[in-house]
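Close look at the chain arrangement
In case you want the letters, here they are:
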Amino acid sequence: FFVYIFFFLMIRRPPRSTLFPYTTLFRSGRLLLFMDEGAIKLWMDGNSETVIESIKGMEGNRFNDVIADPNGRVFCGVMSTSKRKGWVYRLDPDKSLRKVIYNTGTANGMGFSKNEEKLFFSDSKKSNVSIFDYEKETDRKSTRLNSSHW
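Residues numbered from 1 in each chain as written. Predicted model: local features only at pLDDT ≥ 70, side-chain atom pairs only at ≥ 80, totals over all residues. Heavy atoms only, no water.

1. Description of the side chain of asparagine 61
Note on placement: asparagine 61 falls in the loop between strand 4 (47-52) and strand 5 (63-68). Here asparagine 61 falls in the buried class, since its relative accessible area comes to 7%. Non-local contacts of asparagine 61, meaning those with residues more than four positions away in its chain, are made with Asp36, Glu37, Val78, Met79 and Thr81. (Helix = DSSP H or I, 4+ residues; strand = E, 2+ residues; numbered from the N terminus. Buried < 20%, exposed > 50% of the residue type's maximum accessible area, 1.4 Å probe, protein only. Contact = heavy atoms within 4.5 Å.)

What follows is the structure, encoded as structure tokens:
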């Protein structure tokens, strides 16, 4: 049983790198849990609320990395499997979900530039980092600007 824990709050500030670089502490104190098979839950004080029960196409798979933008939209990376490539969803504050990055290996490091105009995506399976132009007010993201291999 795998659970990826993400602290959830709606404030307008960029996520900060800390001891736990893939978590962001939010004012509400709730935890957003990213689980196997695409399940997403909110947890607070020992009680959980289902946000999404499961996601079709995520059978036998799980999330691997998450990050929130300053407007509370959460980008959640899904691992690739032997049967299909990985991808990244964006979960909006209204609980809608859509794919925003396709054909990935393993999401293993996402971040925003200091000016919040670039989204960095690290793919550990493909050993590369992609950079996207990003408009935080509209969440408009360009195609990959470049991809650097390590």
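2. Focus: the packing of aromatic side chains
Applying the stated rule across the entire model yields five aromatic pairs. Where tryptophan 87 meets tyrosine 89, the ring centres are 5.9 Å apart and the plane angle is 90 degrees; that geometry is what we call edge-to-face. Among the residues examined, tryptophan 87 registers a relative accessible area of 5% and is labelled buried. Linked through ring pairs, Phe75, Phe112 and Tyr134 together constitute an aromatic cluster. The ring centre of tryptophan 87 lies 4.3 Å from the NZ or CZ of lysine 99, which sits over that ring. (Phe/Tyr/Trp six-rings, centres within 6.5 Å; stacked < 30°, edge-to-face > 60°. Lys NZ or Arg CZ within 6 Å of the ring centre and 35° of its normal.)

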